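So the chains spell out like this:
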Amino acid sequence: MVDRAPFLSVTGVGRTFGAGDAQVIALADVDVEIATGEFTVILGPSGSGKSTLLNLLGGMDRPSTGSIRVDGEPIETLSDRDLTGYRRERVGFVFQFYNLIPNLTAVENVALAASLVMPRREAADTATGLLERVGLGHRLDQFPRHLSGGEMQRVAIARALAKRPALLLCDEPSGALDTVTGTQVLAQLQETARSTETAVVVVTHEHTLAEAADRLISLRDGRVVENRLNETPETIGAEEAAS
Ligand SMILES: Nc1ncnc2c1ncn2[C@@H]1O[C@H](COP(=O)(O)OP(=O)(O)OP(=O)(O)O)[C@@H](O)[C@H]1O
Ligand SMILES: [Mg+2]
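Residues numbered from 1 in each chain as written. Chains lettered and ligands numbered in written order. Predicted model: local features only at pLDDT ≥ 70, side-chain atom pairs only at ≥ 80, totals over all residues. Heavy atoms only, no water.

Participant: Quick question: what am I supposed to make of the pairing of strand 1 (residues 6-17) here?
Facilitator: Side chains on a regular strand alternate between the two faces of the sheet. With eight bridges joining them, strand 1 and strand 2 (residues 24-35) adopt antiparallel strand pairing. Residue P6 lies in a different strand from strand 2, and its bridge partner there is A35. Of the pairings in the sheet, the one linking strand 1 to strand 4 (residues 65-70) comprises five bridges and is antiparallel in character. Residue S9 lies in a different strand from strand 4, and its bridge partner there is R69. (Pairing = 2+ DSSP bridges. Helix = DSSP H or I, 4+ residues; strand = E, 2+ residues; numbered from the N terminus.)

Dropping the structure here:
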């Protein structure tokens, strides 16, 4: 195991929605630390608070209690403007549905995201490089409607990586894919965590991923019921690649 610097620390975080009889405690007393370059898997039944936690980590929502520090700096006390800056500059998102822009090609979808943080010419080259890295060098000029689900998700990953985020948050990224394609997408995410400084956090219902995680967090009823480091994580898709 590599020695990883602490990057994200969540202390005593709770998130409550609504009030009175309608109150929902989505998260309570959550303590979690995530390191740079770590591949973290969050497991838990429906309604256990997985997406709520991801939204808090990504600055899309604010905790009701507790603190979330990124590189030692609390983000819950940031102004709306600074929180937007955090989200835009440091966090990449991948969702179950790819949300690609239909009238832009694969490379244009990625270049658009890259152009938010770099000059246009450089953005085009970066987009091409990222798509090659996710195995789509031969699909650069295809429109989303001509891509398979797995290919669209890999474009979405390339797009999320375009700004070189410190944190890549993925909410059920393989949820709409068949097993084989889903495995390829998850393998890509694990590879990203291994080959870059990006901390990758994946929310999934896929229990087999537990053994592939550097860190496994299990939630139940808004609480962390398991938080463990894997000394020797499995490489996702290694079996298929060997056979
Ligand atoms: N904006 C909201 N307003 C009210 N309740 C909410 C809101 N967001 C989440 N909740 C509630 O908080 C709880 C946790 O929801 P969350 O979406 O985090 O679960 P999840 O683990 O992601 O579930 P799933 O696996 O179904 O996606 C649920 O009871 C949900 O109904
Ligand atoms: Mg969810």
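Participant: Help me understand the pattern of salt bridges in this model?
Facilitator: Once the charged atoms of two side chains with opposite charge are near each other, the side chains can pair. Inspection of the entire model under this criterion finds eight salt bridges. A salt bridge links D61 to R15, with the shortest nitrogen-to-oxygen separation between them at 2.8 Å. Of this pair, D61 sits in the loop between helix 1 (50-57) and strand 4 while R15 sits in strand 1, placing them 46 residues apart in sequence. Of the residues examined, R15 reaches a relative accessible area of 15% and is grouped as buried. (Salt bridge = Lys/Arg side-chain N within 4 Å of Asp/Glu carboxyl O. Buried < 20%, exposed > 50% of the residue type's maximum accessible area, 1.4 Å probe, protein only.)

Participant: Any chance you could explain the sheet that holds strand 4 here in plain terms?
Facilitator: Sheets are built from strands paired through backbone hydrogen bonds, the pairs being either parallel or antiparallel. The strand order 2-1-4-5 describes an open sheet built from four strands, whose pairing is antiparallel. Where the open sheet ends on each side, the last strands, each with one partner, are strand 2 and strand 5 (73-74).

Participant: Sorry if this is basic, but what is going on with the site of ligand 1 here?
Facilitator: Around ligand 1, 13 residues are found, and the nearest of them are S46, G47, K50, S51 and T52. Within the backbone of G47, a nitrogen or oxygen atom sits 2.8 Å from an oxygen atom of ligand 1. Residue S51 places a side-chain N or O atom 2.9 Å away from an oxygen atom belonging to ligand 1. Starting from 640 Å² of accessible surface for ligand 1 in isolation, the protein chains cover 59%. Of all the elements in the fold, those that place two or more residues in the shell around ligand 1 are strand 2 and helix 1. Each residue belonging to the shell around ligand 1 can be placed in one class, and the counts come to four nonpolar, seven polar and two charged. (Near = heavy atom within 4 Å. Polar contact = N/O pair within 3.5 Å; in protein donor to acceptor, adjacent residues only side chain to side chain. Areas by Shrake-Rupley, 256 points an atom, 1.4 Å probe, with all protein chains shown as cover. Nonpolar A, V, L, I, M, F, W, Y, C, P; charged D, E, K, R; others polar.)

Participant: So what exactly am I meant to see when it comes to helix 1 here?
Facilitator: Along an α-helix, residues three or four positions apart point the same way, because every turn accommodates 3.6 residues. Where burial is concerned, most of helix 1 is hidden: six out of the eight residues are buried. Where helix 1 ends, the next residue or the one after it, G59, has phi of about 70°, a positive value.

Participant: I tried to follow the packing of helix 3 (residues 106-114) against helix 5 (residues 149-161) on my own but got confused; where do I start?
Facilitator: Two numbers describe a pair of packed helices, the interaxial angle and the distance between the axes. The geometry of helix 3 relative to helix 5 is characterised by a closest axis approach of 8 Å and an angle of 25° between their N-to-C directions. One finds that helix 3 runs roughly parallel with respect to helix 5. Helix 3 and helix 5 meet at a crossing whose hand is right-handed. Two secondary-structure elements touch here, helix 3 through A106, N109, V110 and A113 and helix 5 through V155, A158 and R159. Of the residues assigned to the contact of helix 3 with helix 5, the class counts are five nonpolar, one polar and one charged. (Axes fitted to C-alpha atoms, helices over the stretch in contact; angles between N-to-C directions. Parallel < 35°, antiparallel > 145°, perpendicular 65-115°, else oblique. Left-handed = near helix turned anticlockwise from the far one by under 90°. Contact = heavy atoms within 4.5 Å.)

Participant: What is the right way to look at unusual backbone geometry in this model?
Facilitator: In most cases, non-glycine residues show a negative phi, while peptide bonds are predominantly trans. If you check the backbone angles, N99 has positive phi at about 50° while not being a glycine. Since its relative accessible area comes to 53%, N99 is described here as exposed. Despite not being glycine, R164 has its phi angle at roughly 50°, a positive value.

Participant: For this particular structure, what's the right way to read empty space enclosed by the protein?
Facilitator: Which parts of space are left empty comes out when a probe the size of a water molecule is rolled across the atoms. Under the counting rule described, the total for this entry stands at one cavity of 30 Å³ or more. Taken as a whole, the largest cavity holds about 30 Å³ of empty space. Taken together, L54, N55, M60, F93, V94, F95, L169 and D171 make up the full set of residues lining the largest cavity. Counting only elements with at least two residues in the lining of the largest cavity, the list comes to helix 1, strand 6 (91-94) and strand 7 (167-171). In terms of residue class, the lining of the largest cavity is made up of six nonpolar, one polar and one charged. (1 Å grid on protein atoms, 1.4 Å probe; cavity = no way out; pocket = protein on both sides within 12 Å on 5 of 7 lines; lining within 4 Å. Points joined across faces, edges and corners; volume = space filled by probe spheres on them.)

Participant: Explain the layout of surface pockets to me, please; I cannot follow it from the model alone.
Facilitator: Taken as a whole, the largest pocket holds about 420 Å³ of empty space. If you trace the largest pocket, you find 23 residues lining it, with V91, F93, A113, L116 and K163 closest to the centre. Breaking the lining of the largest pocket down by element, the ones donating at least two residues are helix 2 (80-90), strand 6, helix 3 and helix 5. Across the lining of the largest pocket, the residue classes tally to 14 nonpolar, five polar and four charged.

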